[in-house]
Amino acid sequence: INMIGDYEIVEYKNQFYPERTYYKATIENGTTRHHTDYEVIVEWLLDRIVRKKYYEEREAFEAGVIERFMEDVKYKD
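Residue positions are given per chain, counting from 1 as you read along its sequence in written order. The model is predicted, so local features are restricted to residues of pLDDT at least 70 and side-chain atom pairs to those at 80 or more, both for listing and for counting; the totals for chains, interfaces and linings are taken over all residues. The side-chain values count all of the structure's non-hydrogen atoms but skip hydrogen atoms and water molecules.

Trainee: Can you lay out the packing of aromatic side chains for me, pointing to particular residues and giving the numbers?
Mentor: Working definition: a ring pair exists when centres of Phe, Tyr or Trp rings (six-membered ring for Trp) sit within 6.5 Å. Plane angles under 30 degrees give stacked, over 60 give edge-to-face, the rest tilted. Taken as a whole and judged by the stated rule, the model has 3 aromatic pairs. When the ring of Tyr-54 is compared with that of Tyr-55, the centres are 5.1 Å apart and the planes differ by 70°; the resulting orientation is edge-to-face. On the basis of relative accessibility, which here comes to 38%, the residue Tyr-54 falls in the partly exposed class. The rule for a charge over a ring is simple: NZ of Lys or CZ of Arg within 6 Å of the ring centre, and within 35 degrees of the ring normal. Across the ring face of Tyr-17, the terminal group of Arg-20 is positioned such that the distance to the ring centre comes to 4.4 Å. Note that Lys-24 overlies the ring of Tyr-12, its terminal NZ or CZ placed 5.5 Å from the centroid. Each residue is assigned to one of three classes by its accessible area relative to the maximum for its type, calculated with a 1.4 Å probe on protein chains only: buried under 20%, partly exposed between the two thresholds, exposed over 50%.

Trainee: Any details on the pattern of salt bridges? Residues and values, ideally.
Mentor: The term salt bridge refers to a pairing of a side-chain nitrogen on Lys or Arg with a carboxyl oxygen on Asp or Glu at a separation within 4 Å. Summed over all chains, the structure comprises 5 salt bridges. Asp-47 serves as the salt-bridge partner of Arg-51, at 3.3 Å between the closest nitrogen and oxygen. Assessed through its relative accessible area of 23%, Asp-47 is described here as partly exposed. Here Glu-62 makes a salt bridge to Arg-58, at a shortest N to O gap of 3.7 Å. Linking Glu-62 with Arg-58, this pair stays in helix H2 (residues 52–72), spanning 4 residues, or about one helical turn. Put simply, DSSP H or I for four residues or longer makes a helix, DSSP E for two residues or longer makes a strand, and each gets a number counted from the N terminus.

Trainee: Outline the confidence of the model for the protein chain, listing residues and values.
Mentor: The predictor's confidence in any single residue is recorded as pLDDT, a number from 0 to 100. Put simply, the protein chain has an average pLDDT of 88, and 92% of its residues get 70 or more. Of all the helices and strands in the protein chain, H2 carries the lowest mean pLDDT, 86, while strand E3 (residues 32–35) carries the highest, 97.

Trainee: An account of a nonpolar patch on the surface is needed here, citing residue identities and associated values.
Mentor: Surface patches are drawn from residues lacking salt bridges whose relative accessible area is over 30%; two like charges belong together within 9 Å, two nonpolar side chains (Val, Leu, Ile, Met, Phe, Trp, Tyr) within 5 Å. Each accessible area value is a Shrake-Rupley result obtained with a 1.4 Å probe; residue values ignore everything except the protein chains displayed when judging cover. A surface patch of nonpolar side chains, amounting to about 500 Å² of accessible area, comprises Ile-66, Phe-69, Met-70 and Tyr-75. Its location among the elements puts Phe-69 in helix H2.

Trainee: Outline the pairing of strand E2 (residues 17–26), supporting the account with residue identities and numerical values.
Mentor: The rule for pairing is simple: two strands pair if DSSP sees at least two bridges between them. Where strand E1 (residues 10–14) and E2 come together, 5 bridges link them in antiparallel fashion. Its bridge partner being in E2, Tyr-12 is matched across the sheet by Tyr-22. Summarising the sheet, E2 and E3 pair through 4 bridges and their orientation is antiparallel. Bridge assignment links Ala-25 to a residue of E3, and that residue is Arg-33. The antiparallel hairpin formed by E2 and E3 contains 5 residues in its connecting segment, where Gly-30 sits at a positive phi of about 95°.

Okay, structure coming up:
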């Protein structure tokens, strides 16, 4: 079971907005969330942890839809 502490939340400065502090975190599938509010990142991570099965099923479904779409595409020269 993953816990919020299993993820690193990184604080950084955006070169285009140096007066703001940004935070980011990355989950297993490589998705990264950036925000200026630390709590938004924590809530996003908690949602991804609690609803992990839902997100995995959704990714699998989307991959299947894309695959079926590509099978039906007819390329014309």
